[in-house]
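One letter stands for each residue in the lines below.
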Amino acid sequence: MNKTAEFRITLAQLNPTVGDVSGNASKARAARDKAQADGADLVVLPELFITGYPPEDLVLKPAFQAACREAVEALARETAGGGPAVLIGTPWVEDGKLYNACALLDGGRIAALRFKANLPNYGVFDEKRLFARGPASGPVTVKGVRVGVPICEDIWLEESEDYENVVECLAETGAEILVVPNGSPYARDKNDLRLSIVVARVTESGLPMVYLNQIGGQDELVFDGASFVLNADLSVAAQLPCFEENITTLTWRREGDGWRCSGPVAPLLEGDKGDYAACVLGLRDYVRKNGFPGVLLGVSGGIDSALCAAIAVDALGADKVRGIMLPFKYTAQISLDDAAKLTRALGIHYEVLPIADAVNGFEKILAVPFAGLARDITEENLQARTRGTLLMALSNKTGAMVVTTGNKSEMSVGYATLYGDMNGGFNPIKDIYKTEVFRLSDLRNSWKPDFALGPSGEVIPPSIITRPPTAELRENQTDQDSLPPYEVLDGILERLVEREQPLAEIIAAGFDRDVVTRIDRLLYVAEYKRRQAAPGVKVTEKNFGRDRRYPITNRFRDNGKPLPKPDDALLSRAGKVSAEAFDG
């Protein structure tokens, strides 16, 4: 029997919307039309594409499960007239169990189903509470070619007691090409990690691998696409662009006993450029997918609101962004001037609404209950809460969403006012430390993503970037009155939050003991504020919310001493062998 000599696979790196089953099915249909025009044999869509990813507990609703199945069955019937087969991610109920599945649609029917075997249960993933674990299965056959379909985590986990080696099983059962549908969120420098994982699986199996990832924002997560293909010799056969929808058809040719292809190789956005692009895409999809007509934000003349304004314009266009300056008696003229320059450069609607009457009115109302009490941070926070109230009133009246502008450094230590500057619907820089805010602002003045809608060139006045940060809640205030220099603060926070380092290690790295202890305390006591904060784009490996979940009520404090060694002498013989006893 003659073996197929040529095989075409269309990679549909698309942006689904969670819950929009009919809309996602329409995207799949359009991708198949493109694949058919390209003469493709198979079109591949990302993990759980019909639901949008991640669907979270929505996928547990029987009505939602039924809607997904109905949409997949309709797509299957459309393949009856020939054309490319479709590999699409969908939830699937079988024998009363819910699986994270991929369905192969071909010849007018659901030709095969494959279930995800390794369910992630770390970081932002929580699939073990949603799905049953599928078995490791053999490949599916498409136009005479045996295609292995490991699903996302099926290639990520290393050998362990709870690990099913799906790739090994596929290689042993005759797979010729591995196609991996993914829902892999963006994180800084993650492309290198993905590549290393795929290299390991290709090396083990000797098979070429297609790594297909979705793009788009879903609540706090951003999916960057960046799909790619490795040949069996580990050469990069194709690289799709990041942060953009893309449909590419690749032609595979049989060489000896294996398959090989070559295609376009797009450049990737790494480091600060990747972070900035993620912030833009995350805000864009949050606003558009939730149906807001536009956004508004307080423009203070400071760097955080300036960067957020630039991100908003790049995400939505200047006509969808409204900047509001809310000055009080402590607002410096340079702040007014810089805010005006910023909004002119970005081309957004801008207005000035002085808040003196409102703040003075609140103080008058509170004069009796505050009698005999010294002025303190309470009066300062009245200014922030007045601004928050006015911004929310404008949002309520117009339907535009308030963009919150606090950075990760502030959110870490509670340098923010509940029901004041924390008000809003979404925060594009929630996972960006202050030192990174400065870097991204400099970057935006010389570069923007190709998909950005804002103007090119300098949009953030240099005076905003060079001026010492200040909340302007009292005379001559700067952030460093309350906090260590941001280079020091962010160095400590990165070790506390991302690395979970003990205080002793941070102090040993050269940081002052008293400063480290104070920042650690502030991080703990600000937990109640973070629980009430707006969602925001995740760009680091550990953001507040989905990744780092600490109790609000919590009396543990690291004392800064070196960690003690366990005293194994206290462990009884019975304790040491208890696991063996259970095993037996």
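What you see is a predicted model, and the numbers here were worked out from it, not measured in a lab.

Cut-off values and rules
Residue indices begin from 1 for each chain and proceed along its sequence in written order. For this predicted model, a pLDDT threshold of at least 70 governs which residues receive local features, and a threshold of 80 or more governs which side-chain atom pairs are given and counted, while totals over whole chains, interfaces and linings are taken from all residues. To obtain the side-chain values, all non-hydrogen atoms of the structure were used and water was disregarded. Only buried residues count toward a nonpolar core, which is a set of Ala, Val, Leu, Ile, Met, Phe, Trp, Tyr and Cys residues joined through side-chain atoms within 4.5 Å. Three exposure classes are used, based on accessible area relative to the maximum for each residue type with a 1.4 Å probe and protein chains only: buried under 20%, partly exposed in between, and exposed over 50%. Each helix is a run of DSSP H or I of at least 4 residues and each strand a run of E of at least 2, with the numbering of both proceeding from the N terminus. Residue contacts are defined here by distance: any two heavy atoms, one from each residue, within 4.5 Å place the two residues in contact. When DSSP finds two or more bridges between a pair of strands, those strands are recorded as paired. Angular values range over 0 to 180 degrees, each being the angle between N-to-C directions of two axes fitted as lines to C-alpha atoms, with helices fitted over their stretch in contact. For every residue, the predictor states its confidence as a pLDDT score lying anywhere from 0 to 100. Here the expected span of a helix is defined as 1.5 Å times the quantity of residues minus one. Angles are sorted into four bins: roughly parallel if under 35 degrees, roughly antiparallel if over 145, roughly perpendicular if 65 to 115, and oblique for all others. Here is the rule for handedness: rotate from the far helix to the near one, and if that takes an anticlockwise turn smaller than a right angle the crossing is left-handed, while a clockwise turn gives right-handed. Classification convention: Asp, Glu, Lys, Arg as charged; Ala, Val, Leu, Ile, Met, Phe, Trp, Tyr, Cys, Pro as nonpolar; all other residues, Gly among them, as polar. Any carboxyl oxygen of Asp or Glu within 4 Å of a side-chain nitrogen of Lys or Arg constitutes a salt bridge here.

1. Structural notes on the nonpolar core
Judged by nonpolar contacts, the single largest core of 53 residues is most densely connected at Phe 243, Tyr 276, Leu 283 and Ile 460. Mapped onto this core, the elements with two or more residues apiece are α5 (271-289), β16 (295-298), α6 (303-316), β17 (321-325), α7 (333-346), α11 (434-444) and α12 (462-466). Counting residues per element, this core draws most heavily on α6, at 11 residues. Not counting chain neighbours up to four residues away, the residues in contact with Leu 283 comprise Ile 311, Ala 312, Ala 315, Met 401, Val 403, Phe 426, Pro 428 and Val 537. Membership of the second largest hydrophobic core comes to 29 residues, among which are Val 44, Val 147, Cys 152 and Ala 237.

2. Comments concerning the sheet that holds strand β2 (residues 42-44)
An order of β5-β4-β3-β2-β1-β14-β15 is seen for the seven strands of this open sheet, with the pairing classed as mixed. Edge positions in the sheet fall to β5 (109-115) and β15 (258-261), since each of these pairs with one other strand and no more. Taken over all neighbouring pairs, the strand axes of this sheet differ in orientation by 35° on average, direction set aside. Direction of pairing for strand β1 (residues 6-13) relative to strand β14 (residues 246-255): antiparallel, over a ladder of eight bridges. Each residue of the ladder has a partner; that of Leu 11, found in β14, is Thr 248. Contacts between helix α1 (residues 21-37) and the sheet are confined to β1, β2, β3 (85-94) and β14, with β2 contributing the most and set at about 145° to the helix. Lying on the sheet, helix α2 (residues 62-77) is in contact with β3, β4 (97-106) and β5; it crosses β3 at an angle near 150°.

3. Observations regarding the confidence of the model for the chain
Of the residues in the chain, 94% have a pLDDT of 70 or more, and the chain-wide mean is 90. In this model residues 577-584 is a low-confidence stretch, pLDDT under 50, and it forms zero contacts with partners more than four residues away in sequence or in other chains.

4. What to know about the sheet that holds β17
An order of β18-β17-β16-β19 is seen for the four strands of this open sheet, with the pairing classed as parallel. A strand with exactly one partner marks an edge of an open sheet, and here the two such strands are β18 (349-352) and β19 (401-402). Relative to β19, β16 runs parallel, the two being bridged by two bridges. Bridged to Leu 296 within β19 is Val 402. The strands that α6 touches are β16 and β17; relative to β16, the one it contacts most, it runs at about 170°. The strands touched by α7 are β17 and β18; relative to β18, the strand with the most contacts, the crossing angle is about 160°.

5. Points about unusual backbone geometry
Cis peptide bonds are those with omega within 30 degrees of zero, and the linkage from Tyr 53 to Pro 54 qualifies with 0°. Mapped onto the elements of the fold, Pro 54 is located in the loop between β2 and α2. Positive phi values are uncommon outside glycine, yet Lys 143 reaches one of about 50°. Looking at the secondary structure, you find Lys 143 in the loop between β6 (140-142) and β7 (145-148).

6. Let's talk about α5
Along its 19 residues, α5 runs 27 Å from first to last C-alpha, staying within 8% of the 27 Å computed at 1.5 Å per residue. Judged by how many residues are buried, α5 sits mostly within the fold: 14 of 19 residues are covered. Two residues or fewer past α5, Gly 291 is found with a positive phi of approximately 80°.

7. Quick look at the environment of Tyr 99
With respect to the helices, strands and loops of the structure, Tyr 99 is situated in strand β4. Separated by 427 residues in the primary sequence, Tyr 99 and Ala 526 place their C-alpha atoms 39 Å from one another. Ignoring sequence-local partners within four residues, the contact set of Tyr 99 consists of Thr 90, Pro 91, Trp 92, Glu 94, Phe 115, Phe 131, Ala 132, Arg 133 and Gly 134.

8. Considering the pairing of β3
By the criterion of burial, β3 is predominantly enclosed, with eight of the 10 residues buried. Here β2 runs beside β3; their pairing, made up of three bridges, is parallel. In the strand pairing of β3, Val 44 is matched with Leu 87. Where β3 meets β4, nine bridges bridge the pair, whose relative direction is antiparallel. Within β4, the position partnered with Gly 89 by the bridge is Cys 102. With antiparallel pairing between neighbouring strands as the criterion, β3 and β4 make up a hairpin whose turn holds two residues, including Asp 95 at a positive phi of roughly 55°.

9. Some words on the packing of helix α13 (residues 486-498) against helix α15 (residues 513-525)
For the pair α13 and α15, the least separation of the axes is 10 Å and the interaxial angle reads 60°. It follows that α13 is oblique to α15 by the angle criterion. Read as a crossing pair, α13 and α15 show a hand that is right-handed. The residues of α15 that touch α13, namely those facing Leu 489, Ile 492, Leu 493, Leu 496 and Val 497, are Val 515, Val 516, Ile 519, Asp 520 and Leu 523. When its residues are assigned to classes, the contact of α13 with α15 shows nine nonpolar, no polar and one charged.

10. Brief notes about the pattern of salt bridges
As enumerated under the stated definition, the model contains 30 salt bridges in all. Note that Arg 260 is salt-bridged to Asp 233, the shortest N-O span being 2.8 Å. With Arg 260 in strand β15 and Asp 233 in the loop between β12 (228-230) and β13 (236-239), this residue pair connects regions lying 27 residues apart in the sequence. Judged by its relative accessible area of 31%, Arg 260 is partly exposed.

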